[in-house]
Structure formats: structure tokens, C-alpha cells
Amino acid sequence: MKRLIVNADDFGLTHGVNAGIIRAFKDGILTSATLMANGDAFDDAVELARANPELGVGCHLAAVGGRPVSAANEINSLVSDDGRLPATLSELMIKIARGKVQIKDIEREFASQVERAIRAGITPTHLDTHKHTHTHPRVMKAVAKVAREFNIKCVRNPFESVFAAAAVGPAARARRKVYLKQCAMSAAIAPRAARFKRMAREHGLIAPDHFRGVRLTGLLDSEAVCNIIRSLSEGVTELMCHPGVYDDALERERTRLKQERERELEALIDPAVRRAIDEWRIKLINYREMAKNHV
């Protein structure tokens, strides 16, 4: 059977992003979202999640971007002098490579983020990471420890297979250089996939069989989503997406995905996409359902 989790990242980033995620859930094919505990619109996201209990909500753990949930003096090696998390993925990876970040500080911050979500009344369905930092084995180790601490059974498999069928649409064709760059980045981290799977097994974590969306980050449109649906493999696939409503708050955020989020929202609610789901007999699920089916 082909089962599909459609997960929206960045729940809690802005009110517009939250609104887009909920519309994609109510009117489209979205089944899941991951909550940013350090997002400016965290409280709004929690309220919306509690009002829509069938939406699976996990934690989008951030070791990059914004302010931490932990006190800065508790995670000294992770934060900069102004108390903020590393601004970019490259900055974090360089600090890890040079031994300047203690992984226990990443673990502590991730635990604080999960704890904040749980205190707000959310029971996380799964964990993933902002900018896919858990593709790095040391960050994955921190994620696994936090999952065990909070009895969270599922984690994102962040590796898109180099053999996955191309699923481009007009947006990717128009921005071919961006698409090819993201393909190259996906291929560059592919050798870590085997170690990720081994670590997940060792820690008793459940992950989807397949992952889609990295190559098309910021480039998802209706045609691309339909092509992904047609090319799904047997088992469980997660499609990562970033729907949202573009507004002034989003424009001020340090994210490259701005107007692109509205295009993704339109794709997820497009009747043609729903027809493709029905035509190819795809079962839409969330991480909560995946965990139940695994038992």
C-alpha cells in the first residue's frame, strides 16, 4: 500500500504561516505539521492545533535561527554572544566540525522545545529539525535522546533518494539553477542515510520509508505535487512542504521562502491534486497513524 504523510514545516513561525497550514489541512491534502517552539506565533499555532485535533502535530526542533527556548547561559556553546542560535546551517555545521558546540547543549535546547510544546497541551506525533540538521549524526544522536526522554516514537527520515523520480513543475523549470543546486545538496548528504537508518533502529525510532520535497523546497506547485503522487513507491512517504499566507510578518522573517509559501498552499488545495490522490489510490495519513500501524 502507498501511504503519504504531507507535513508542513514552520508551524508557529508567523500568523500567516499558521493560517496557511490550517487551510491546507481543512481544504487540501495536508495531514501533519511540525511546531516551532521558538517561533513568534507559537501560541497561535498551539490554539489552532488544539482546535484541529485530527491534524498531526510534531516538533520542528531548531538549532538554527532565532532565539532559544532554553536560557542562553545553559547552552553557552550553541548560542552567540547576543544569545541567539546560529544564523545559518553552515554556521552550525562549521561550529560542530571545529568542536565548538557541545552536543549536550543541542540536546538541552531540543528538550526545552519539546517540553514547551507539551506544557502547552500538545502531544508530539514526531520530531524533525529545522534545516534538516539531524542529517548530521551528532545532531541525530541528540534528537534520538530527546525522543527517548519524551517517549516520542517517530522521526523524519530527511534523506531524499537520488533515485527518486523527477517531479518538477513550472516553478522548478523556471528556476532551474535553484532546482539543480538543491538536487546537488540532496545528493551530497545521501551517504549519511545508512547511518541515520541504523541510529533510528538502535534507538527504536520509526521513520517513513521515503522522503520527498528537499529538491523542490520553494518550488512546489500543483503539477509537481501531482507528479510526486504518481511516482510514489510502496510504503510510507513523507512529503515536506511550506504552505503559508504571505504578509508583513513573513517578509520580516529570515527565511527565503516568502511568496513561495502561497504557491505551495494553492497546490495543496488544488482539486487536481486531490483527484490524483484518489486516482492513484494513495492513503493519506499522519505520523500518529503511522506509529499505530507499526505496532
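Before reading further, recall that the structure is shown in the block above.
Residues numbered from 1 in each chain as written. Predicted model: local features only at pLDDT ≥ 70, side-chain atom pairs only at ≥ 80, totals over all residues. Heavy atoms only, no water.

Peer 1: Give me the overall build of the protein chain: which residues, what numbers.
Peer 2: A tally of helices and strands in the protein chain yields 13 helices and seven strands. In terms of overall size, the protein chain behaves like a compact globule, its C-alpha atoms giving a radius of gyration of 18 Å where 295 residues would be expected to give roughly 19 Å. For the protein chain, the C-alpha atoms occupy an extent of roughly 55 × 40 × 40 Å along the three principal directions. A buried classification covers 57% of the 295 residues belonging to the protein chain. For the protein chain, the proportion of contacts with a sequence separation of at least 24, taken over those separated by at least 6, is 79%. (Helix = DSSP H or I, 4+ residues; strand = E, 2+ residues; numbered from the N terminus. Rg over C-alpha atoms; globule rule 2.2 N^0.38 Å. Buried < 20%, exposed > 50% of the residue type's maximum accessible area, 1.4 Å probe, protein only. Contact = heavy atoms within 4.5 Å.)

Peer 1: Could you give me a rundown of the side chain of D105, with the residues and numbers involved?
Peer 2: Along the chain, D105 turns up in helix α4 (residues 103-119). At 3.0 Å, the side chain of D105 forms a polar contact with the side chain of R108. With residues near it in sequence (within four places) discarded, D105 still touches E74, I75, N76, S77 and L78. (Polar contact = N/O pair within 3.5 Å; in protein donor to acceptor, adjacent residues only side chain to side chain.)

Peer 1: Which residues make up helix α13 (residues 287-294), and what are the values?
Peer 2: Looking at α13, one finds that the buried residues are Y287, M290 and A291. End-on view of α13: buried residues confined to an arc of 100 degrees, all on one side of the axis. Considering only its buried residues, α13 is in contact with β1 (2-11), β2 (32-35), β6 (235-241) and β7 (283-285). Taking the backbone nitrogen of R288 as reference, a side-chain oxygen 3.0 Å away marks N286 as the first, capping residue of α13. (Arc of directions from axis to C-beta.)

Peer 1: So what's going on with the packing of helix α1 (residues 15-27) against helix α2 (residues 42-51)? Which residues, and what values?
Peer 2: One way to put it is that α1 packs onto α2 with a least axis distance of 9 Å and a crossing angle of 20 degrees. One way to sum up the angle between α1 and α2 is to call them roughly parallel. Like other packed secondary-structure pairs, α1 and α2 cross with a definite hand, here right-handed. The residues of α2 that touch α1, namely those facing H15, N18 and I22, are D44, A45 and L48. (Axes fitted to C-alpha atoms, helices over the stretch in contact; angles between N-to-C directions. Parallel < 35°, antiparallel > 145°, perpendicular 65-115°, else oblique. Left-handed = near helix turned anticlockwise from the far one by under 90°.)

Peer 1: Can you lay out the packing of aromatic side chains for me, pointing to particular residues and giving the numbers?
Peer 2: Tallying each qualifying case throughout the model produces one aromatic pair. Between F159 and F196, the aromatic rings sit 5.7 Å apart at their centres with planes inclined by 50 degrees, giving tilted as the arrangement. You can see F159 sitting in the loop between α5 (137-149) and α6 (170-174) and its partner F196 sitting in helix α8 (residues 193-202), a full 37 residues away along the chain. In this structure F159 comes out as buried when scored by relative accessible area, which is 8%. Lying across the ring of F42, R116 places its NZ or CZ 4.0 Å from the centre. (Phe/Tyr/Trp six-rings, centres within 6.5 Å; stacked < 30°, edge-to-face > 60°. Lys NZ or Arg CZ within 6 Å of the ring centre and 35° of its normal.)

Peer 1: Give a description of α2 that names residues and reports values.
Peer 2: Regarding α2, the residues found buried are F42, D44, A45, V46 and A49. In the core, the buried residues of α2 are packed alongside β1, α1, β2, β3 (56-61) and α4.

Peer 1: Which residues make up empty space enclosed by the protein, and what are the values?
Peer 2: All chains considered together, the criterion is met by two cavities of 30 Å³ or more. Taken together, E160, A165, A166, A167, Y179, R212, G213, R215, L216 and I228 form the lining of the largest cavity. Approximately 30 Å³ is the volume found for the second largest cavity. H134, T135, P137, M140, F159, R192, R195, F196 and M199 together form the lining of the second largest cavity. Elements with a minimum of two residues in the lining of the second largest cavity: α5 and α8. (1 Å grid on protein atoms, 1.4 Å probe; cavity = no way out; pocket = protein on both sides within 12 Å on 5 of 7 lines; lining within 4 Å. Points joined across faces, edges and corners; volume = space filled by probe spheres on them.)

Peer 1: Outline the pairing of β1, supporting the account with residue identities and numerical values.
Peer 2: With nine of its 10 residues buried, β1 lies for the most part within the structure. With seven bridges joining them, β1 and β6 adopt parallel strand pairing. Residue pairing in the sheet places R3 in a bridge with V236 of β6. Note that β1 and β7 share three bridges and pair parallel. The residue bridging I5 from the neighbouring strand is I285, located in β7. Once you follow β1 into α1 and on to β2, the crossover reads as right-handed. (Pairing = 2+ DSSP bridges. Right-handed = clockwise from strand over helix to strand, strands pointing away.)

These figures capture arrangement, not role.
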